[in-house]
Amino acid sequence: MSKLLNVANLDAGYGDLQILTDVDMFVEDGEYVTIVGPNGAGKSTVMKSVFGLTTYMGGDIDFAGDDISGLNPEEIIHHGLGYVPQNDNVFANLTVEENLEMGAYILDEVPQEAMRAVYDRFPILEERKDQKAGTMSGGQQQMLAMGRALMLEPDLLMLDEPSAGLAPDLVDDMFDRIDDINDAGTAILMVEQNAKEALRRCDRGYVLVQGQNRYMDEGDVLLNDDDVRQQFLGG
């Protein structure tokens, strides 16, 4: 495997407030990587920094051999990254199909093959394609947000807390769908509050604490590490 995303010595934050210090992280082609850690550790800030949504303060962010450090999201999306934020991740007043079309806004025309692939992956979206996104359930909106990010067939899909706010019986289904996306060849970088389940399913995990790397290992190794379990996974 080769490194698809490589983050080295990243310093980033918001305005003058530095959140991340010397963060190192990588994702290989087709890999499934999870970032876990306590609230306020800077997990979401890592994702936002890769996608150009924070104040870049130093370090290197390389994607598929290109330096994307300090670029804005409009430039970064052309490189093959998809990003699904935790909140406000659908256009509430647009229909499901209009939301998906917005996912391909940088193209001259909507790729019908990609639309078909999203509907095949999330059949409920095709059933509700004329429904306003804001009237859908939380789980359906999360599927729509992922579907929209997949419209450009990204090499890496970044997901920020995809299970947040979902009813417990929907969480496993959401994880299964993420597994399927990864199995189809799309690399995943995910921040997830449900740390045990995320580590159980991923290839590798990072534990972030106070904006710095604390642990990195295979998911099941972290899951069975006594220190990690006691400090970050509730024992």
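Please read all numbers here as calculations on a predicted model, not as lab measurements.

The rules behind each value
- Residues numbered from 1 in each chain as written.
- Predicted model: local features only at pLDDT ≥ 70, side-chain atom pairs only at ≥ 80, totals over all residues.
- Heavy atoms only, no water.
- Helix = DSSP H or I, 4+ residues; strand = E, 2+ residues; numbered from the N terminus.
- Buried < 20%, exposed > 50% of the residue type's maximum accessible area, 1.4 Å probe, protein only.
- Lys, Arg positive; Asp, Glu negative; His and termini not counted.
- Salt bridge = Lys/Arg side-chain N within 4 Å of Asp/Glu carboxyl O.
- Polar contact = N/O pair within 3.5 Å; in protein donor to acceptor, adjacent residues only side chain to side chain.
- Contact = heavy atoms within 4.5 Å.
- Phe/Tyr/Trp six-rings, centres within 6.5 Å; stacked < 30°, edge-to-face > 60°.
- Lys NZ or Arg CZ within 6 Å of the ring centre and 35° of its normal.
- Pairing = 2+ DSSP bridges.

Peer 1: Looking at this model, I keep getting lost on the side chain of E192. Mind explaining?
Peer 2: Mapped onto the secondary structure, E192 falls in the loop between β8 (187–191) and α8 (195–201). There is no salt bridge for the buried E192, and the closest opposite charge comes from R201, which lies 9.8 Å off by N-O distance. Of the polar contacts made by the side chain of E192, one reaches the side chain of S163; its length is 2.5 Å. Within the structure, the side chain of E192 is placed 2.9 Å from the backbone nitrogen of N194, a separation counted as a polar contact. Ignoring any residue separated from it by four or fewer positions in sequence, one finds E192 in contact with I35, V36, E161, P162, S163, F175 and A198.

Peer 1: Please clarify how the packing of aromatic side chains should be interpreted in this entry.
Peer 2: A ring pair, where both rings are aromatic, is described by two values, the distance of the centres and the angle of the planes. All chains considered together, the criterion is met by two aromatic pairs. Centroid distance F51 to Y83: 5.2 Å. Interplanar angle 35°. Geometry classified as tilted. Of this pair, F51 sits in the loop between α1 (43–50) and β4 (55–63) while Y83 sits in strand β6 (residues 81–84), placing them 32 residues apart in sequence. Accessibility classification places F51 together with Y83 in one group, the buried group. Seen from their ring centres, Y215 and F232 are 6.3 Å apart, and the 70° between their planes marks the pair as edge-to-face. Here Y215, found in strand β10 (residues 212–218), pairs with F232, found in helix α10 (residues 226–232); they are 17 residues apart in sequence, far enough to count as distant. Sitting over the ring of F26, K3 keeps its end group 4.5 Å from the ring centre. Taking NZ or CZ as reference, R204 lies 3.9 Å from the ring centre of F26, over its face.

Peer 1: When you look at the pattern of salt bridges in this model, what are you seeing that I'm missing?
Peer 2: Oppositely charged side chains are able to pair whenever their charged atoms sit close together. Applying the stated criterion across every chain yields a total of nine salt bridges. Between D173 and R177 there is a salt bridge, and its shortest N-O distance comes to 3.0 Å. Residue D173 and its partner R177 are located together in helix α7 (residues 168–183), separated by four residues, close to a single helical turn. With a closest N to O distance of 2.5 Å, D179 and R201 form a salt bridge. Here R201 lies in helix α8 and D179 lies in helix α7, a separation of 22 residues in the sequence. Of the two residues examined, D179 and R201, each falls in the buried class. Salt bridges sharing common partners tie together D172, D176, D179, E197, R200 and R201.

Peer 1: How should I be thinking about the sheet that holds strand β2 (residues 17–28) in this particular structure?
Peer 2: Remark on secondary structure: sheet strands pair via backbone hydrogen bonds, oriented parallel or antiparallel. Read from one edge to the other, the open sheet built from four strands follows the order β2-β1-β4-β5, with strand pairing classed as antiparallel. Taken across any chain shown, the strands that pair with only one partner, and hence form the sheet edges, are β2 and β5 (66–67). When strand β1 (residues 3–14) meets β2, the two strands line up antiparallel, connected through eight bridges. From the neighbouring strand, N6 faces β2, where its bridge partner is F26.

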